[in-house]
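Inside the fold
So the chains spell out like this:
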Amino acid sequence: MKVTSGTWLILGLLALWEASARLGWVDSPNWPALSQVLAALARDMATGELPARIGGSLWRMAAGLVAGGLAGVLVGLAFALVPLTARLFGMLVELLRPIPVPAVIPPLVLFLGLDDPMKITVVALTVFFPVLTNTLQGVQAVEPDSIAMGRTFGIGPLRRAGFIILPAALPAILAGFRVALALALVVTVVAEMIAGEQGIGSYLVLMQFAGRAPEMYGVIVLLAALGYALNRGFVALERRLIAWWYAAGREVA
């Protein structure tokens, strides 16, 4: 694997972290050395509790990502292809879009409780908007000649949407999913921190209140690595799903 300048920067920052704690540059009991953090993380992983919490968080994140993403694609297609739906529901979407996620959690707790349905709903709402926006942009960027050709060959509206418009808009839709993936992980952890006793977010708050700084920072390091791994995995999947796009020398923003 080629070591890039960005990799060297991260390694340098990690070394600075270790030195700042070992040499007393940061004089605080709540600033452990990186080696202590990694040791605490290894212990927590070995007990099995942390892997179980990670699995639960990933399941809630995936459920919300799929639900919100599919809803965003369907609504985006409807808005782009049936102007009446955009006129009826467009203002409602724009009113809901700027509401901060933490502000949505209290009313959802009242309606859905503290368990998985609330957390999955919060993730789905967060994912919905970037996927919707990118779907709209992707459909609007479809070549009109492609749609006209479909009409010429007598392809009905639904088949045009499924076999012409949707594949052509897929690069933009996947770009929206890539943005939504990072947001889904963040919101899952936030929801678990605010409500409930499950997941890695709840564990992070528990370690904070217990004053166990190495364990707390270990969870943060784990989340950073997990987010990076999820992003790289999605990029690999994206390149397989739209290999024809990259083969044409194009790049997804």
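These notes cover the structure that comes with them. (Residues numbered from 1 in each chain as written. Predicted model: local features only at pLDDT ≥ 70, side-chain atom pairs only at ≥ 80, totals over all residues. Heavy atoms only, no water.)

Turning our eyes to something else, we now look at helix α2 (residues 34-47). Compared with an ideal rise of 1.5 Å per residue, which puts 14 residues at 20 Å, α2 spans 20 Å between its outermost C-alpha atoms and is within 8% of the ideal. Of all the positions in α2, only Leu-34, Val-37, Ala-40, Leu-41 and Asp-44 are classed as buried. Buried residues of α2, viewed axially, fall in a sector of 125 degrees; they line one side. Contact partners of the buried residues in α2: α1 (5-22), α3 (49-81), α9 (199-210) and α10 (213-241). One or two positions beyond α2, positive phi appears at Gly-48, with a value near 95 degrees. (Helix = DSSP H or I, 4+ residues; strand = E, 2+ residues; numbered from the N terminus. Expected span 1.5 Å × (residues − 1). Buried < 20%, exposed > 50% of the residue type's maximum accessible area, 1.4 Å probe, protein only. Arc of directions from axis to C-beta. Contact = heavy atoms within 4.5 Å.)

As a further point, take the packing of aromatic side chains. The final tally for this structure, using the stated rule, is 4 aromatic pairs. Relative to Tyr-217, the ring of Trp-31 has its centre 5.6 Å away and its plane inclined at 85 degrees; by these criteria the two rings are edge-to-face. One end of the pair, Trp-31, is in the loop between α1 and α2; the other, Tyr-217, is in helix α10, with 186 residues separating them in the sequence. Ring centres of Phe-128 and Phe-129 lie 5.2 Å apart, and the angle between their planes is 80 degrees; this geometry places the pair in the edge-to-face category. Both residues of the pair, Phe-128 and Phe-129, count as buried. (Phe/Tyr/Trp six-rings, centres within 6.5 Å; stacked < 30°, edge-to-face > 60°.)

Moving on to the packing of α1 against α2. Look at α1 against α2: their axes get within 7 Å of each other, and the N-to-C directions meet at 105 degrees. Between α1 and α2, the angle falls in the class roughly perpendicular. Residues Leu-14, Trp-17, Glu-18 and Arg-22 of α1 form the contact with α2, whose participating residues are Leu-34, Ser-35, Gln-36 and Val-37. Within the contact of α1 with α2, the residues separate by chemical class into 4 nonpolar, 2 polar and 2 charged. (Axes fitted to C-alpha atoms, helices over the stretch in contact; angles between N-to-C directions. Parallel < 35°, antiparallel > 145°, perpendicular 65-115°, else oblique. Nonpolar A, V, L, I, M, F, W, Y, C, P; charged D, E, K, R; others polar.)

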